[in-house]
Every structure is written in structure tokens, then in C-alpha cells.
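What follows is the residue order along each chain.
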Amino acid sequence: MSFLRLDRVTYRYQGSKPVIDGVSWTINEGEFHCLVGKSGCGKTTLLKLAAGLLQPDEGGIYLQGEKVTKPSPSIGYVFQAPTLLEWKRVIDNVLLPISLKRKPTKEDYELAHDLLERVGLSAYRNHYPAQLSGGQQSRVAIARALIQQPALLFLDEPFAALDAITREELQDDLLALCRLQNTSVLFITHDIAEAVYLADRIAVMADGDIVYALDVHLPKPRALEMRYEPRFNELCFQVRQAMEGMRR
Amino acid sequence: MNRTSVYSLALLVLLLLGWELAARQMSELVLPAPSVVAATLFEGIKSGYFWPHIVRTSLEVLLGLSLGSGLGLIVGILMGEIECLRKLFFPYVVASQAVPKLALAPLFILWFGFGMTSKVIITALICFFPLLENTVTAIQYTDRNKLELFRVLGATRWQTLIHLKLPAGLPNIFAGFRVAVVLAVVGAVVGEFIGASEGLGAMIIASQGMMDTPLMFSVLLLLTLLGMVLYQIVHFFENRLVKPYKKETDK
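Reading the values: the criteria
- Going along each chain's sequence as written, the residues are numbered from 1 onward.
- Throughout, the order in which chains and ligands are written sets their labels, letters from A for the former and numbers from 1 for the latter.
- Residues qualify for local features only when their pLDDT is at least 70, as the model is predicted, and side-chain atom pairs are given and counted only at 80 or more; totals for whole chains, interfaces and linings, by contrast, use all residues.
- UniProt positions are given in the numbering used here, feature names are shortened, and annotations may be inferred rather than shown by experiment.
- Strands are runs of DSSP state E lasting at least two residues, helices are runs of H or I lasting at least four, and both sets are numbered from the N terminus onward.
- As annotated, the domain borders come from an automatic or database domain assignment.
- Whether two residues are in contact is decided by their C-beta atoms, placed from the backbone, lying within 7 Å.
- All amino acids are sorted into three groups, where Ala, Val, Leu, Ile, Met, Phe, Trp, Tyr, Cys and Pro are nonpolar, Asp, Glu, Lys and Arg are charged, and the leftover types, Gly among them, are polar.
- Criterion used throughout: strands pair if DSSP finds at least two bridges between them.
- Here an angle of 0 to 180 degrees is reported between the N-to-C directions of two axes, which are lines fitted to C-alpha atoms, with helices fitted over the stretch in contact.

- Chain B goes by Putative transport system permease protein in an unreviewed UniProt entry, where it is assigned to Geobacillus thermodenitrificans.
- Taken directly from UniProt, the Subcellular location (unreviewed entry) text for chain B runs: "Cell membrane".

- In the annotation of an unreviewed UniProt entry, the entry for chain A reads ABC transporter ATP-binding protein, and the organism field reads Geobacillus thermodenitrificans.

**Quick notes on the environment of Asn2 of chain B**
Stage number 1. With respect to the helices and strands, Asn2 of chain B occurs in the segment before α1 (3-25).
Stage number 2. Separated by 224 residues in sequence, Asn2 of chain B and Leu226 of chain B place their C-alpha atoms 26 Å apart.

**A look at the domain arrangement of chain A**
All names here are of chain A.
Stage number 1. Structurally, chain A comprises domain 1 (2-74 + 150-245) and domain 2 (81-149).
Stage number 2. Computed from C-alpha coordinates alone, the two centres of domain 1 and domain 2 are separated by 24 Å.
Stage number 3. Domain 1 puts 12 residues into the contact, and the matching count from domain 2 is 12 residues.
Stage number 4. Here the element with the most residues in the side of domain 1 that touches domain 2 is helix α6 (residues 164-181); it accounts for 6 residues.

**Quick notes on the domain arrangement of chain B**
All names here are of chain B.
Stage number 1. Domain parsing of chain B yields domain 1 (1-28) and domain 2 (32-250).
Stage number 2. For domain 1 and domain 2, the distance between their C-alpha centroids amounts to 30 Å.
Stage number 3. Taken together, the residues of the side of domain 1 that touches domain 2 sort by class into 3 nonpolar, no polar and 3 charged.

**Describing the sheet that holds strand β9 (residues 201-206) of chain A**
Residue and element names in this part refer to chain A.
Stage number 1. Read across the open sheet, the 6 strands follow the order β6-β7-β8-β3-β9-β10; overall the sheet is mixed. Edge positions in the sheet fall to β6 (75-78) and β10 (209-215), since each has one partner strand and no second. Direction aside, neighbouring strands of the sheet carry axes that sit 15° apart on average.
Stage number 2. In the sheet, strand β7 (residues 152-156) pairs with strand β8 (residues 184-189) via 5 bridges, with the strands oriented parallel. Across the sheet, residue Phe154 finds its bridge partner in β8, namely Leu186.
Stage number 3. Taken strand by strand, helix α5 (residues 134-146) contacts β6 and β7, and its axis lies near 165° from that of β6.

Following this line, the structure appears as C-alpha cells:
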């Protein structure tokens, strides 16, 4: 059964030509989907629509069969920038989603410690965000998105500003965490190799529409060596051709 | 003590020496020497002559400051949060910014009498605007990404205000408060200039009448001290509340 379903979603900014034009897409439970495309093709808008941050002009978005009209409590969202609250310690940043609803319990703190440990930051839990590097801040943002154990996670180019090695580490961390909680993921990136490495299924976007879809059949869990195998490169090339093809 | 603060102290000594030398050439009525001023100041404090005036002016400043900045903060939050209020009142706020508030002092004395009330109100009025303006700006220009984060987390409007907009705007609000503190002393003193029998401002006017320049200088020193103490108090709180998370080097 489909978990998240986008049904002919159209979105336009006041009267201009649509930025999202009749997009349909389905994510099943536990699947990791990547959305790739050039800058300005509407990736972020589509993600915000799917998360309920924006309302479509036409069509509908259904989460477990229910129409999405506002952000559901069972989703997590990671923004392009880490968007941590500078005046809260790392641990309180991770617990923010919970502390907005109720006072965090001892179990919540344990879960937060657990998550921080998994992203390798347990030593930093009492630091302030300004004391962390960019990669560490992104890790905190991911831990924060996972603290409510969301069934569905949206990520908007969360690693775009990081160096290659840190990015690869975080990709592995993310995959491991999502497998652990059986989280469904919609991940935006403009990095083809990142998409192929992470995704079960890739959607290529251009001019507000999904123009190409590709299932990635690589063994799981992914490992570093796979990045240098011919099969991996072949898939990257396929995606790249799909992206190029749209220019003509 | 580091090198710059040594130089800074040396500069003070140099300035005092220069003052002392210059004062020797002039009548005490024009420029009293620092030694004479210090003696007057010490005498006045020891005899208890200054105390009621210091207390009076400090009280006016503190009451006016808390009233004015408290109201400025509350109105600023309301105007920052509620768009129609902001659109309705902002032209008036801009217009009232242009009114020289101190020019209203005689009017307030007419309305509220020669007692403390008129000075507190003048001070409050002066402190109101820097707080109002900085709070409105701080609330209005909260980081859009963080606002979206709070929407995703399903935060209510109140929670967004308390947990995001106010803490994020705190450095800005404090900047306004620092301006207000300095202005508060000005407000109280000018109020006392125009009509008061007690307070440091009234003492300046009295010393002018008595042609007692050393007394005037010692009152000026007291006022400077009052302003500096208040500023340092604000600075202390700012350090406690705002700085810890800004940069690790600021600790």
C-alpha cells in the first residue's frame, strides 16, 4: 500500500506559469527516494508541498490515505541549512520537537543521547551550536528530525554545504538510522552520485515535472567500495543523461 | 590587565594632569581644577548632602526606564505579531519619532506637576521608542527557515513567539535597551532642569545660580557615574543571557 501519494499536484505563484506541473509520485513504506534536478527546477517547492508546508493549487497529497493539509506530526523535515537554535544546547535542540508538545521525560533524554551517540556527537551534547562545525551541525539537525521517530522523513539538500568525506559519512549514518526505524524518506539533492548511493528509487525533475524515474538495484547496506564499481557509474550516467536530456 | 587597558589608564592620568594645569591658568568659576572638584565631591558625599539627590534621580531613572521599556517591549511584541496593528500604528510611531521628546517636558510639568511623576513620564517616553522599534524589527525579521521549522513541528503562535521569536530577537532587543538606559538619564535630568527642587538635574541649575562651578562639576561626575553603572548592569545581563551561544571566543 502506498505510504505517501502525490496525485497530479500543481502549484503556481500568483498567476504565473506553474512551478510544479501535475506531478504524481508514490513512496511505499520504508523506501528511500531521491529527487534530483538542477537548481530552480522546483525540487524544494515539491518537497514543501509533500510535507504540507505549502498547499497545492490542484491535485492532492495523501499520507497513509489521508489528505495532507498541514505538516503532520509523523513527519520529520531537515532543511538546507541546519537551522539550529543558537541559544539552546545541542541536547535541547535535539529535544525541541518534544519540548514543544510536553516536558521531555527521562526516556526522551535517553533517546536523544542515543541518537547523538549514533551520529557521533555524544561528547558535544552540552555545547552550543556555534561551537560545532558545519558537519556536526547537520548531524544535530538529523538527530532532531529523528527524535520523534517519524514514519516519513523529508530532507532538502542537507549535505550540500559539506566536504566530500563528511558527506559520505553522513550518508552512511542517515541510511543506518533510517533502516533502524524503517523510515520512508524523500531526499532532495543535485548530486547524482549521492542520489544513486542513497536511493531505492530516483526521480529526475526538470521544469516542475518528474521526467524520468529509475529503480536502483544495488545491494544493501551500501558500502564505500560500491561507489567505484562499474554498475554504480552506469547508474550515475543514466541519471545524468536523463538530466541532460531535458535541456534540449 | 592587558596592554591596552594600561594605555587607557595612562591616558586618563594624562588628561587629568592637563586639566589640572589648564585650570591653574583660569578662574575657578570657569574651570575648577580636578583636585578642587574631587574635594567638593568627597565633602558632599561625606556630609550626606548629595545622597537625597542621587536617590531621587536614580529612582526617577529606574522607574521611567522600567515603565518605558516595559511598555515598549509589550507594544513592540504586539505590533510585531499582529500585522494590522503594525500597519495601523506604524505611521504614527514614525511621526512621533520625529517629535523632540524633550521639548514636551514643559508640557508634562504643566500636566503632572513639579513632583516625581512628570520626570518619570518624560523618562518613560524617551525609553519607549528604542525598545519599541528594536522589538518590532526583531520579531518581524525572524529567520524564515526557523519559522518553517516551527511550522513543521506544529508549534502554536504563542510557542513560536516564546521559543523562537523572542530568544532570536534578544540581541536586537538588548541593543535597544542599551540605548534606552543612556537616554533615561538624559530624560530625568532634563525634566529636573525644567522644574524640580530635588535631584541631580535640579542641583546643576542651583549651582549655576550660585555660580558654584566646582559643585556643578561634581554633579556632572555623579551623573556620569550613574549612567555608567546602569550601562554596566545592562551589559552584565546581556553577557549572561546573550553571549554564551554567540561565539566560543566570547566566553
